[in-house]
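So the chains spell out like this:
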Amino acid sequence: MIRTVTFDFWQTLLADSPENLDRSKRLRLDGIGELLARTGQPVSVAELETAHEATGRALEAVWREHRDVSSREQVRIFLDAASPGLASRLSDDTLERVVEAYATPALHFPPLPSPGALEAVRALAGLGIHLCEISNTGRSPGVVLRKVLDRYGLLAHFSVLTYSDEVGYRKPHPRIFHETLKRAGSDPAQAVHVGDNPVDDVVGAQG
């Protein structure tokens, strides 16, 4: 008997569009640029764009090993790509403001629910199925994705939410699945995972 259903977040529960991602990127870079200018550490638009791309490449290298890092560490990578040593020249307060500008654009340009996702979650919850989420994160961390779920009335239906930036490893690593089921008190033989990625979600869950 299936007692637990775990869901992926991106393109499963909620989906983003290229246009939305572009708007989020613009908000992120504009916000960071304004903060740095106000603190006497100006960085050009071109340098911010280059840093954004360099951060993406650095993250891809980490993600290929099925590991992950926090938003704060992403921001340090970003700042030092924009100007070597910049992260260490900022006060703790300024660094926190930069982390917020970097991590929160999805709250301003949220992804939209996938067709049928809201109805599926509510129906399963109504049947007494134990619901969890297992998601890799990108530049939007788990603390932000929880707020997005809450906006659509989904958060309350999930008892365990596991995000890669918080646990340090990513699907398809088996540990992120095992840890979620352990926290949920669920047996893998009585659980099913729903996701869109053939490797992360299918191979990962089967493994």
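For every chain, the first residue of the written sequence is number 1, and numbering continues from 1 along that sequence. Local features in a predicted model are, by the rule used here, given only for residues with pLDDT of at least 70; side-chain atom pairs are given and counted only at 80 or more, and totals for whole chains, interfaces and linings are based on all residues. The side-chain quantities take in all heavy atoms of the structure and omit both hydrogens and water.

**Student:** Give me the lowdown on unusual backbone geometry, citing residues and values where you can.
**Tutor:** Residues other than glycine predominantly adopt negative phi, and peptide bonds predominantly adopt the trans conformation. Here Lys 171 and Pro 172 are connected by a cis peptide whose omega angle stands at 15°. Within the secondary structure, Pro 172 sits in the loop between helix H9 (164–167) and helix H10 (174–184). Even without glycine at this site, Gln 11 takes up a positive phi of about 65°. Per the convention used, a helix needs a DSSP run of H or I reaching at least four residues, while a strand needs a run of E reaching at least two, with both numbered from the N terminus. Examined against the element boundaries, Gln 11 turns out to sit in the loop between strand S1 (4–7) and strand S2 (14–15). Any residue under 20% of the maximum accessible area for its type is buried, any over 50% is exposed, and the rest in between are partly exposed; the area is computed with a 1.4 Å probe on protein chains only. We classify Gln 11 as partly exposed; its relative accessible area is 39%. One non-glycine residue, His 66, adopts positive backbone phi at about 60°.

**Student:** For the layout of surface pockets, give the residues involved together with the corresponding values.
**Tutor:** For cavity detection a 1 Å grid was placed over the protein atoms alone, and a set of points counts as a cavity when a 1.4 Å probe fits there but cannot get out; an open set counts as a pocket when protein lies on both sides within 12 Å along at least five of seven lines, with lining residues being those that have an atom within 4 Å of a point. Grid points are joined across faces, edges and corners, and a volume is the space filled by probe spheres set on the points. In this model, the largest pocket occupies a volume close to 710 Å³. Considering the residues around the largest pocket, the lining is formed by 28 residues, among which Trp 10, Leu 21, Thr 137, Gly 138 and Arg 139 are closest to the centre. Taken together, the residues that form the lining of the largest pocket break down as six nonpolar, ten polar and twelve charged. Space inside the second largest pocket adds up to approximately 280 Å³. For the second largest pocket, the lining is made up of 17 residues, of which Phe 177, Ala 191, His 193, Ala 205 and Gln 206 are closest to its centre. Three classes are used: nonpolar for Ala, Val, Leu, Ile, Met, Phe, Trp, Tyr, Cys and Pro, charged for Asp, Glu, Lys and Arg, and polar for all others, with Gly counted as polar. Each residue belonging to the lining of the second largest pocket can be placed in one class, and the counts come to nine nonpolar, seven polar and one charged.

**Student:** Go over the pairing of strand S4 (residues 130–135) with me, naming the residues and quoting the values.
**Tutor:** Across the six residues of S4, five count as buried, placing the element largely inside the fold. Any two strands between which DSSP finds at least two bridges are classified as paired. Note: S1 against S4, four bridges, orientation parallel. Bridge assignment links Thr 4 to a residue of S4, and that residue is His 130. Inspection of the sheet shows S4 paired to strand S5 (residues 160–163) by four bridges, in the parallel sense. Residue pairing in the sheet places Cys 132 in a bridge with Val 160 of S5. With helix H8 (residues 142–151) bridging S4 and the parallel S5, this β-α-β connection has right-handed handedness. The handedness rule is simple: strands pointing away from the viewer, and a clockwise path from the first strand over the helix to the second, make the crossover right-handed.

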